[in-house]
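Here's the letter readout for the chains.
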Amino acid sequence: MQVRIYAVRTECGWNTGMTLDWRVDASYWLSEDGRKANGTKLVILQQAVSIQVGLSVLEQFLFVKEMDEWGKRKWIQYFAELLIPHRETLEESAQLLLAEEHLDVLIVEPPHSEPTSNTYVKEHRDQGYLVAERAAIYMGEEERATGNITDVHSQQQEERTGAQRAPLSLFAEARQFADVMCGRLLLDEEIVQLLRHKGWERLVPMRHVLIQFGWLQGWLELRSSIQWSRESDAHDRKRRKGIWWLGTSSLWPFKDKSTAAYCGRCGSTEGLNASSCASCGSKRCLTCTQCLNLGRSRSCALLIRGVLQQEADSRQQAAPVEERLKKWSLAPAQEAASTQALKYIQTLREKVRRNQRDKLLQGKGAFLLWAVTGAGKTEMIFPLIEDTLLHGGRVLVATPRRDVVLELKPRIEKAFPVQKVVTLYGGSPERWNEGMLTLATTHQLLRFAEAFELVIIDELDAFPYHNDPMLHRAANRVCRPGGVFVYLSATPPESMQRDVRRGRMAHAKVPVRFHRHPLPVPAHITMPAVEQCLTRRSLPAPLMKRLMHSVERGAQVFIFVARIRQVEPMVRLLSNQLLGIPVGGTSAVDELRSDKVMRFRERNIRVLVTTTILERGVTVPKSDVYILDAHDRLFDASSLVQMAGRAGRSKDDPAGSVVFGSAQWNEAQRKAVYQIREMNRIARRNGYLLPDEERRKQVG
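Now for a quick tour of the structure. (Residues numbered from 1 in each chain as written. Predicted model: local features only at pLDDT ≥ 70, side-chain atom pairs only at ≥ 80, totals over all residues. Heavy atoms only, no water.)

A few points about the overall build of the protein
The cut-off we apply is this: For helices the rule is a DSSP run of H or I covering at least 4 residues; for strands it is a run of E covering at least 2, with both sets numbered from the N terminus onward. Here's how the labels work: a residue is buried when its accessible area is under 20% of the maximum for its type, exposed when over 50%, partly exposed in between, all with a 1.4 Å probe on protein chains only. Contacts are assigned to residue pairs that have any heavy atoms within 4.5 Å of one another. Residue exposure ignores everything except the shown protein chains as possible cover, and the areas themselves are Shrake-Rupley values with a 1.4 Å probe.
In terms of helices and strands, the protein carries 23 helices and 27 strands. A burial count over the protein gives 56% of its 700 residues as buried. Sequence separation of 24 or more characterises 72% of the internal contacts of the protein that already satisfy a separation of 6 or more. In the form shown here, the protein has an accessible surface area of approximately 32,100 Å², with 49% of it arising from carbon and sulfur atoms.

Now the structure itself:
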């Protein structure tokens, strides 16, 4: 992306700017239009430079008192000095274009302005100003311009087709575009897609006019896609919890051990590949490979962020929390957790209102809903979503997997039929839609910044969100200052559990499922390793006895193994030992996985051998769970709890069986059993469990 740099004289002295279309800046600074102009003189460097050079020059610009008396030659010398360190980073042909002897400037002043000094005579001011003045009314009644030319063909075509659309002013057109960009973080080519999706094809060639006008108005923010920061800046960005545009810098020509490059979209400092670039002429134009699937983020690429925020309407009177909760028909434990979350959000909202004038004091809240598997987490977030919508806020529900997004959409739409629900995932046709309610996979968050008042992160301990710093940064950035993160998990990361224990994190525990029966506590069978069983072609008698009992009672049986290579051999072994019982197997590499899971749900497969790929998101009524090689290093406590959570989810079979089969009893198994027992203890203590007699009647 090529830009031009300029200096402008205002009441406060000389300042500098960067422009995608200098005519917009000339109009903004010099147009009088019945009021006092913002500036009195504009000095524009005619040679275009790459955006990273332009941003760096903005930071290097220093006000010199004698600037009021400078003519063209002096301004050329000054710009040439600013460009010296950047020339060394360019290819030889690009260096020559920025040499002092090849530079030129355009000095623009209003036609009726007075000279800025007694010694300086204006140079060609009238012609330059008139060009800018004509361009400034490009959407007026007399002409319509796109980019650098008048779009006569487009105007004639509209006249032939009888188009009734009235021309908009530049202000109105740019404001409309800024509204659409609110909370988005997009590359230039993505903006083209956005405009075409909206049916604004005619705005595509003039998008840089709109972007530049929006930037001058403070509605948009422009950045190079690859940015540089000093280590202290990186520390400040981390301390400011995602206020990413503060502390950034274009220090790349002066890089040393204290500076580091990072992607402005995903924040990655790794995976930045350098190459010679024909677009910007740089010897080392960096490209981020970490977020390449969303578009090419390069040093010379333009990154635009919409910062025009529609303020949430907090004047609407909402019914008391207790009254609003009744409509959702939540179980006692669910209602208690939702109530705690709503009170936390309300407390933070009041705090933000008191600090309304200082954005940096408006921190982001965080609340953990620690709910056992099958507790009905989706139902618990409905009151939180409703509360945010009542206060005019936007809501994001983010989950690591596309299938969960598609599963949630009809449930959310049913709960909020009036709201437009947007679903975002790889290849989603709704990518450029807007709505007050957004469901998205975590990778799609890279296209947003400070867009939502409520951000709900589901399954934060699941792949790919778990242990991915890039997705963590993206999620942290999408929440507005004063907004709230609500984390949903049955197995929060150890660091989050530690914060809960130490009282550092607001939270609510939901220790019981909706049917109010205790969680099945895993039993243990000592057995040889799976590899040994496969080699001997036999399974130990205690395990076979439990398996036969599960099959005979009519249960669907999950058998989890640690390695993909073990799935098919285990299917063959079980088929030989469970004669007449349909046995199937699936894993992450199985293209027919969805079909086999469906057949398992329909009971066409009775025993399903699988891996941790099915530890989440699969609910099958009347299931028993067997985890073989439970001591394997691939099975941590969270995985064991999640796999165990496939059993006992149905109201008709709440006491399903869970078995850990292993050669040894390790720490992960102990932690998993402790966590399950602890949740049962909390549920019993708080009176969330059904009375023993009633539970026995239901179980039979």
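Section: the pattern of salt bridges
For clarity, the cut-off: Criterion for a salt bridge: a side-chain nitrogen of Lys or Arg within 4 Å of a carboxyl oxygen of Asp or Glu.
Inspection of the entire model under this criterion finds 31 salt bridges. Here Arg-353 and Glu-350 are joined by a salt bridge, their closest N and O atoms 2.8 Å apart. Separated by 3 residues within a single helix, Arg-353 and Glu-350 lie in helix α12 (residues 332-354), roughly one turn from each other. Judged by relative accessible area, which is 34%, Arg-353 ranks as partly exposed. Among the salt bridges present, the one from Glu-615 reaches Arg-616, with a minimum N-O distance of 3.2 Å. In terms of burial, Glu-615 and Arg-616 fall into one category: buried. Taken together, the shared-partner salt bridges in this structure form one network comprising Arg-184, Lys-198 and Glu-434.

Remarks on the packing of helix α8 (residues 188-197) against helix α9 (residues 207-217)
Which entries qualify depends on this criterion: For every element, the axis is a line fit to its C-alpha atoms; helices are fit only across the contacting stretch, and the angle between N-to-C directions ranges from 0 to 180 degrees. Angular relationships are summarised with four words: roughly parallel below 35 degrees, roughly antiparallel beyond 145, roughly perpendicular across 65 to 115, and oblique for the angles in between. In this count, Pro and Cys sit with the nonpolar residues alongside Ala, Val, Leu, Ile, Met, Phe, Trp and Tyr, while Asp, Glu, Lys and Arg are called charged and the others, Gly among them, polar.
The interhelical angle for the contact between α8 and α9, taken along N-to-C directions, is 110 degrees, at an axis separation of 11 Å. Between α8 and α9, the angle is such that the two are roughly perpendicular. Between α8 and α9, the contacting residues are Asp-188, Ile-191, Val-192 and Leu-195 on the first element and Arg-207, His-208 and Ile-211 on the second. By residue class, the composition of the contact of α8 with α9 is 4 nonpolar, 1 polar and 2 charged.

Observations regarding the sheet that holds strand β8 (residues 185-187)
So the rule is basically this: In this description, strands pair whenever DSSP reports at least two bridges between them.
What the 3 strands build is an open sheet, ordered β8-β14-β9; its pairing is antiparallel. If you trace the sheet from one side to the other, it starts and ends with β8 and β9 (220-224), each paired once. Looking at each pair of strands side by side, their axes are set apart by 25 degrees on average, direction ignored. Together, β8 and β14 (302-306) form the strand contacts of α8, whose direction differs from that of β8 by roughly 100 degrees. Relative to the sheet, α9 contacts β9 and β14, its axis offset from that of β9 by approximately 110 degrees.

Some details on helix α20 (residues 593-601)
Under the convention used in this document: Of all possible arcs, the one meant is that of the directions from the helix axis to the C-beta atoms.
Listed as buried for α20 are Lys-596, Val-597 and Phe-600. Along the axis of α20, the buried residues cluster in a sector spanning 100 degrees; they form a single face. Contacts from the buried residues of α20 go to β23 (556-560), β24 (583-585) and β25 (607-610). Just past α20, the residue Arg-603 takes up positive phi, approximately 70 degrees.

So, the state of the cysteines
Test applied: Here, the term disulfide refers to a pair of cysteine sulfur atoms separated by no more than 2.5 Å.
In the structure shown here, the tally under the stated rule is 0 disulfides. Cys-266 provides the cysteine sulfur closest to Cys-288, a residue in no disulfide bond, and the two sulfurs are 3.6 Å apart.

Quick notes on the packing of helix α7 (residues 170-181) against α9
Axes are the key here: two packed helices are described by the angle between their axes and the distance separating the axes. Packing of α7 against α9 brings their axes to within 9 Å, and their N-to-C directions diverge by 85 degrees. Taken together, the axes of α7 and α9 are roughly perpendicular relative to one another. Within the contact between the two elements, α7 uses Leu-170, Phe-171, Glu-173, Ala-174 and Phe-177 and α9 uses Val-209, Leu-210, Ile-211, Phe-213 and Gln-217. For the contact of α7 with α9, the per-class residue count stands at 8 nonpolar, 1 polar and 1 charged.

Side note on the sheet that holds strand β21 (residues 506-510)
Taken together, the 7 strands give an open sheet; going across it, the order is β17-β18-β16-β19-β20-β15-β21, and neighbouring strands pair in parallel fashion. Strands at the two margins of the open sheet, each flanked by one partner only, are β17 (421-424) and β21. With strand direction ignored, the average angle separating the axes of adjacent strands in the sheet is 15 degrees. Note: strand β15 (residues 365-371) against β21, 5 bridges, orientation parallel. Within β21, the position partnered with Phe-367 by the bridge is Ala-506. Each of β15, β16 (395-399), β18 (437-441), β19 (452-458), β20 (479-489) and β21 is contacted by helix α13 (residues 377-390), which is oriented at about 175 degrees to β19, the strand it contacts most. Across the sheet, helix α15 (residues 469-478) is in contact with β16, β19 and β20; its angle to β20 comes to roughly 130 degrees.

Just distances and angles here, no functional claims.
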